[in-house]
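Spelled out from the first residue to the last, the chains are:
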Amino acid sequence: MNSDRLKPGFLALHGNRVELLFDTVAELIGRYRLAPLEPEVFLVQSNGTGEWLKMALAQRSGICAAVNLQLPGQFQWALYRRVLGPGEVPERSPLDDATLVWRLLRLLTDLHADPDHAQVFAPLASYLSGGDPERCYQLARQIADLYDQYQVHRPDWLENWADGRATLGDASGVQRPFPASQDWQASLWQRVLATLEPEEHALIRPHVHERVIDTLLKSRADDPLVARLPQRVTVFGLSHLAYPTLRLLGALSRHSQVVFAVPNPCRHYWADIIEGHKLLRAARRRHPNRAGLDLSAQALEQLHRYAHPLLAAWGRQSRDFIRLLDEFDDAGQAQARFNLARIDLFDEAEPADGTLLQQVQRHIRELLPIDSHPKQAPLADDRSIVFHIAHSPVRELEVLHDQLLDLLATPTADRPLRPRDVVVMVPDINRFAPAIRAVFGQYADHDPRHIPFDITDLSARGSNPLLAALQWVTRLNESRCTLSELCALFEVPAIAARFEVDPQDVPRLATWMQGAGIRWGLNRAQRSALGLDAAGDMHTALFGLNRMLMGYAVGMRSAGAGQVFRDIEPYGEIGGLDAELVGALASLVESLVRWLQWGCAPTHPAGWAERFRALLADLIKPTGDADRASLDALEFALAQWTDDCAAAAFDTDVPLSVAADAWLDGLDAPLLARRFRGRGITFCTLVPMRAIPFEVVCLLGMNDGDYPRRSHRPDFDLIALPSQRRPGDRARRDDDRQMMLEALLSARRVLYVSWSGRSVRDDTHQPPSVLVSQLRHYLAAGWSPDAVAARTIEHPLQAFSRRYFEAGAPLVTHAGEWRRVHIPATGLETSAHRPRTPEDQRPSAAKVSATQLAKLLANPPRAYFQQQLGIYFDANAQSLPDEEPFTLNALDTYQLIDQVIEHTLTPLRAWSTDALQQVDLSLAIRSQIDRLQRAGALPLGGPGEQESDHLQALVEPMIAAWRSARLSYPNVLHPVTASFNDRGTVIEASLDQRYAGHCADPASVWIRIASGEVLKRSGESQVLPHRLIEVWVQSLLASAAQVEGHALVIARDATLSIRPTDPESARRQLLALLELRAQALTEPLPVAVRTALEYVTALKNPLDAAATAYEGGEFSRGEVDDPFLARCFPDFSSLTSDGRFQTYASTLYAAIPEWIATHVTATQHPAAATSLDDPLPDSGSAHVSGAR
Amino acid sequence: MSQVLDAYGLALSGSRLIEASAGTGKTWTIASLYLRLVLGHGEAGEPGTGFQKALMPSEILVMTFTRAATRELSDRIRKRLIEAEQCFRGHSEPAADDQFLQRLMAFYADSGLREHTAWQLARAAKRWMSARCSRSTPGASGC
């Protein structure tokens, strides 16, 4: 059988392009065929490379089958088991990263119990002094990662520490002492080893590793273990591998074919151009020196004369790897053994006139120093390297979208560009993903500007709402549990499905929850756990839920009837078939409360697993494959975690926060199975060793400080000590430089770099990433500064900037929608944009209520926006309130007075005068205010009591005035509808609350209640005209329709008695109002009601007075604060520019003060309490628009 | 005791406070001092005014307020390093009013010394640690 094995050996293929490497690998595969059914083993570092490899194999031979892609770490442990036998080596190391965490956690919690080593562990003990278990867990994870790294990169240290020698051996074998206060690392490691069973000591990674290498080196070709080894292992596209792993593969090559396909940017021997080359001592050198010059003899100061600057700046990691490989690589022998024509696969020098990008790539390949660069400008239309500067990630993406459309549409000599030829790499995809979806997702499939796209590398927790919700639930014991968070739970489909809530009903449920007074907290017990017992249970979810259920049970309880059950004020909006939504909320709240009860106490990992499974069953019902996949992943992570703990014999109680972190952290493990490239352009994070070729490579978000990314290494990482550097060590900084180099080399047509080079706030200059600066500097030095400037485009702040549409501008955009904005005014008069005329309008709205008409009069531009355009400027309408009321503003007070009066009067209206005389009004009002308090409409505690007293004082005189009016007019009359018809347009007002006097005195009245004030505060009973607009319209209508009687307006501060108008003049005025309405619905009319009234009532300088009223004075806010007015007429001069303001004011609005002077008599309430509130911001129409 | 600032001669030891109004060149001075730190300049010229050895960017912490200011400072210092490197390589001349750089050039007059200096500057620029910002953790922000 052994004779059938393929000829073993070590082969390193170097090439500057992955395609070249692949061709030779494929040729080898074809030449040396594996046994049937034996899988071809490839080691790759990322899903991207793996996927590319499989596609390439499939394209070459029509099928890609029996291919086994593995991560080097996975492969290594699997190889141990093959060599030593599965009986000898368990499935996982007793000290692998995940188990180590739990061993360490146990040790760290007990640390203080050991007085002997107090000195050594002092640094840790002081960090953990708070006793916070979460802190302890995080530290355990950091240390576990570190020890894992040591096991891979510094096994010799661990060996020494285990033997009690607390020293660090450096690259040359010299033993050095620990840096100050770091010797705990050795002691802790000894304790970790002490937790192992005696037989497990032999199973930790460094020991197994040495045994395996030993066995491989000693065993002969006919050894039975050889048959268990894979016949060929191909390491594809890696630019970094730990030295011990290289040694293992080197040993394996005695029995198997080990093929390295190494992306090497340069054809010459270039190791010496970067510092640190003295540490690389491999005697063999694979590649020839450039121009026969041995650079190792050159002083460091001289090297820049011989080196390519970008390769020198970015290539350290790649250099280390290539040089380490040389130790195992006998190139000549390998070439002969595998019978290959070429093992150095570099493109031959092309003619010098390629694109700028190709020139750069060639210069790197040929190791051309900067002095030998051509120093001439590239072709003017060469866009192979471009820089785009925008103001924010969203703008960067908008610019990218435009530029990609250009690129995709540009005809080319070779194959046309497809979206899947484009890759966009960013430092952190999770930060960019929402912006990507917003910008690239805005064009539907049928839009010619639609570019298909895929986003990969998203963290599961950051992108999956189900997991985000789960994370929230696992933090419930520390959460305020606000209304918006609760509502958000129902927006997760899997949770909504579990509680049988239709997604369409979620907004209604949210409205109910808000209306029932839910603000934060689950129930009183949860608040107590947060230390907020004093807040009681008002505004908690349970409070709101009780109100809803009570409301469903008893309906809207009539005022004052009977006792209140357990102080629960019913919320009466719930009814009909939708009431089962409340049932869903009840189940959810119940589940959460239950979870809080048994989910808060610490327990051991197995207990947590049980609880988490119950939680999942309780909250989640999968709605599709994605949900099922999430649940599988959750279950897998949970099983993984309990396995880890079991392996570490960890069964101590841990709190929820630690358990949940440990569980959910398991979701983000890297998997080779993740899909990378789809049919569209690929958005991904900059990940090392994914240098697969793309026609267009875009780097976005290349801001200084964002890239190179910040390293997350702890500062006690001993590998990072400068004196302990060894070749092959990884550093985040080097990683990011290597990735920049790979990105530059893997672009075939275009390298596109963009960053937020201007502050979005103040437009100040923001520097790009240092790496981008280096690239730009290199281009400027090697070609010309002008070449860089010509390839750098600064974009304006906004996508709709005029600069995109100016003739001859260098900027282009495909967002043609914005073009219309910049077409001069004449262009607007297309049929779609012709202003509507009164004739268009008149027939369509045949019926207007007096209230609508009054609203229109109060603010004609608002009426135009809302009724004609459907535009509402209401900034806060969407957000749910998460806080209970702390104070009441003028608007709140207004609305509360309205409610109290309405609820107090509703029963009283039907009462006889005798009964009315008997009733205790204060008590009736107080019971209504108490209801408000129980419903949570007033602040809690003392401030609430103050507010309710204040309300009582405001309402009492009004109700008293109402009663005295009712006693004077005891007979109830039927309501009538007063209407006025002008050529089909009808104005209507329903006049209810009409009462007549005694038989002897048949005079009648209709009563209106106004919750605001109607008198000027300073003036002697001077009526505020803008508060009476609706009453004015109603009065005109009543008079025109010849409905008898006075009107009584009972307001906060006075009662107004209003005489009817002469019918003829009333009709005339109504006609004028309809005329105004017709105008107002065709355009925003330049009228503002308070300003107009000021203009016609001012005693002198009417224009000045009006201007102050509009723009505001020293102590008053102007009417222009209204968003609709501000949008159309930002200042007084724009309001009055065409003179129509003055006309409307003096013809129409002047009628109101005249009417007040001749028809209205005011009587102040006898005990009118001086109001403490600000005057209302709006007119007297009953509705007040809701900008708080 | 206050004294007139001389970026070229200021002793690089102990703690020093530089006070000046806006726009008088504090950033410029910091960039110049940075240059001296990277070169280990001083101990040969006037003993006691330099740092005991040439430093790498990873060994120097520069702090300021806000992300924007950190970025700007970082960018300015790095540009200053590159400007000086170009001068020492002989690719360009120091600006006429740049006394500091002229004196520094005069100090490292020997061509071998200049080459070494340029290499030190280039190395510092190449290993530049970029601006980073972290909120209110003393010692953790800087560039």
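Residues numbered from 1 in each chain as written. Chains lettered and ligands numbered in written order. Predicted model: local features only at pLDDT ≥ 70, side-chain atom pairs only at ≥ 80, totals over all residues. Heavy atoms only, no water.

Colleague: How would you sum up the overall build of chain A? Please name residues and give values.
Modeller: Counting secondary structure elements, chain A contains 47 helices and 24 strands. Scored against the burial criterion, the 1188 residues of chain A give a buried share of 53%. Across chain A, the fraction of contacts at a sequence separation of at least 24, relative to all contacts at a separation of at least 6, is 77%. Just so you have it, chain A exposes about 52,300 Å², and 53% of that area is on carbon and sulfur atoms. When the 119 positive and 145 negative side-chain charges of chain A are each reduced to one mean point, those points stand 5 Å apart. (Helix = DSSP H or I, 4+ residues; strand = E, 2+ residues; numbered from the N terminus. Buried < 20%, exposed > 50% of the residue type's maximum accessible area, 1.4 Å probe, protein only. Contact = heavy atoms within 4.5 Å. Areas by Shrake-Rupley, 256 points an atom, 1.4 Å probe, with all protein chains shown as cover. Lys, Arg positive; Asp, Glu negative; His and termini not counted. Charge placed at Lys NZ, Arg CZ, Asp CG, Glu CD.)

Colleague: Describe in detail the pattern of salt bridges, supporting the description with residues and values.
Modeller: Residue and element names in this part refer to chain A. Under the criterion given, the structure shown has 62 salt bridges over all chains. Put simply, Arg286 and Asp329 hold a salt bridge, and the shortest N to O gap is 2.6 Å. Here Arg286 is found in the loop between β7 (257–263) and α12 (309–314), whereas its partner Asp329 is found in the loop between α13 (316–326) and α14 (331–338), with 43 residues between them in sequence. A single network of salt bridges, built from pairs that share partners, joins Arg415, Arg418, Asp421, Glu695 and Arg749. (Salt bridge = Lys/Arg side-chain N within 4 Å of Asp/Glu carboxyl O.)

Colleague: Tell me about the interface of chain A and chain B, and please be specific about residues and values.
Modeller: How large an interface is tends to be reported as the accessible area lost when its parts come together. Between chain A and chain B, the contact holds 24 residues from the first and 24 residues from the second. Interface area for chain A against chain B, summed over the two sides, is near 2,200 Å², with a carbon-plus-sulfur share of 43%. Area buried by chain A at its contact with chain B is led by Glu301, Asp704 and Arg710 of chain A, which between them contribute 25% of it. At the junction of chain A and chain B, the tally comes to one salt bridge. Residues Arg305 of chain A and Glu115 of chain B are paired through a salt bridge, measuring 2.9 Å at the closest nitrogen-oxygen approach. The interface formed by chain A and chain B includes six residue pairs in polar contact (both at pLDDT 80 or more). Going through the elements one at a time, α12, α29 (732–746) and α30 (770–782) of chain A are the ones with two or more residues in the side of chain A that touches chain B. Ranked by residues supplied to the side of chain A that touches chain B, first place goes to α30 of chain A with four residues. Across the side of chain A that touches chain B, the residue classes tally to six nonpolar, nine polar and nine charged. (Buried area = accessible area lost by both parts, 1.4 Å probe. Polar contact = N/O pair within 3.5 Å; in protein donor to acceptor, adjacent residues only side chain to side chain. Nonpolar A, V, L, I, M, F, W, Y, C, P; charged D, E, K, R; others polar.)

Colleague: Describe the environment of His974 of chain A, and please don't skip the residues or the numbers.
Modeller: Residues and elements named next belong to chain A. Looking at the secondary structure, you find His974 in the loop between β17 (971–972) and β18 (976–982). The class for His974 is exposed, based on a relative accessible area of 68%. For the pair His974 and Leu991, spaced 17 residues apart in sequence, the C-alpha to C-alpha distance is 8.9 Å.

Colleague: Break down the packing of aromatic side chains for me, with residues and values.
Modeller: Residues and elements named next belong to chain A. Under the criterion given, the structure shown has 37 aromatic pairs over all chains. Both rings, one in Trp52 and one in Phe236, keep their centres 6.2 Å apart while their planes meet at 25°; by these two values the pair is stacked. Residue Trp52 is found in helix α2 (residues 47–61), and its partner Phe236 is found in strand β6 (residues 232–236); the two are separated by 184 residues along the sequence. We classify Trp52 as buried; its relative accessible area is 13%. Ring centres 5.2 Å apart and planes at 55° place the aromatic pair Phe800 and Trp818 in the tilted group. On the criterion of sequence distance, the pair formed by Phe800 in the loop between β15 (792–794) and α32 (819–822) and Trp818 in the loop between β15 and α32 is long-range, its members being 18 residues apart. Chaining the aromatic ring pairs together yields one cluster made of Tyr147, Tyr150, Trp157, Trp161, Phe178 and Trp189. Cation over ring: Arg527 sits above Trp520, and NZ or CZ is 3.8 Å from the ring centre. (Phe/Tyr/Trp six-rings, centres within 6.5 Å; stacked < 30°, edge-to-face > 60°. Lys NZ or Arg CZ within 6 Å of the ring centre and 35° of its normal.)

Colleague: I'd like to hear about the side chain of His373 of chain A, residue by residue, with values.
Modeller: Residues and elements named next belong to chain A. Here His373 is to be found in the loop between α15 (356–365) and β9 (385–390). Polar side-chain contacts of His373 include one of 2.9 Å to the backbone oxygen of Pro369. In contact with His373, other than residues within four places in its own chain, are His308, His363, Leu368, Tyr778, Gly782 and Trp783.

Colleague: Please provide a residue-by-residue account of the environment of Met63 of chain B, values included.
Modeller: Relative to the helices and strands, Met63 of chain B resides in the loop between α1 (26–39) and α2 (67–89). Residues Met63 of chain B and Leu73 of chain B, spaced 10 residues apart in sequence, show a C-alpha to C-alpha distance of 9.0 Å.

Colleague: Can you explain helix α20 (residues 483–490) of chain A? Please cite residues and give values.
Modeller: Residue and element names in this part refer to chain A. Within α20, burial applies to Leu483, Leu486, Cys487, Leu489 and Phe490. Buried residues of α20, viewed axially, fall in a sector of 150°; they line one side. Of the surrounding secondary structure, the elements contacted by the buried residues of α20 are α19 (465–474), α21 (493–498), α22 (506–515), α24 (541–554) and α25 (580–599). (Arc of directions from axis to C-beta.)

Any functional reading would require information that these geometric values do not contain.
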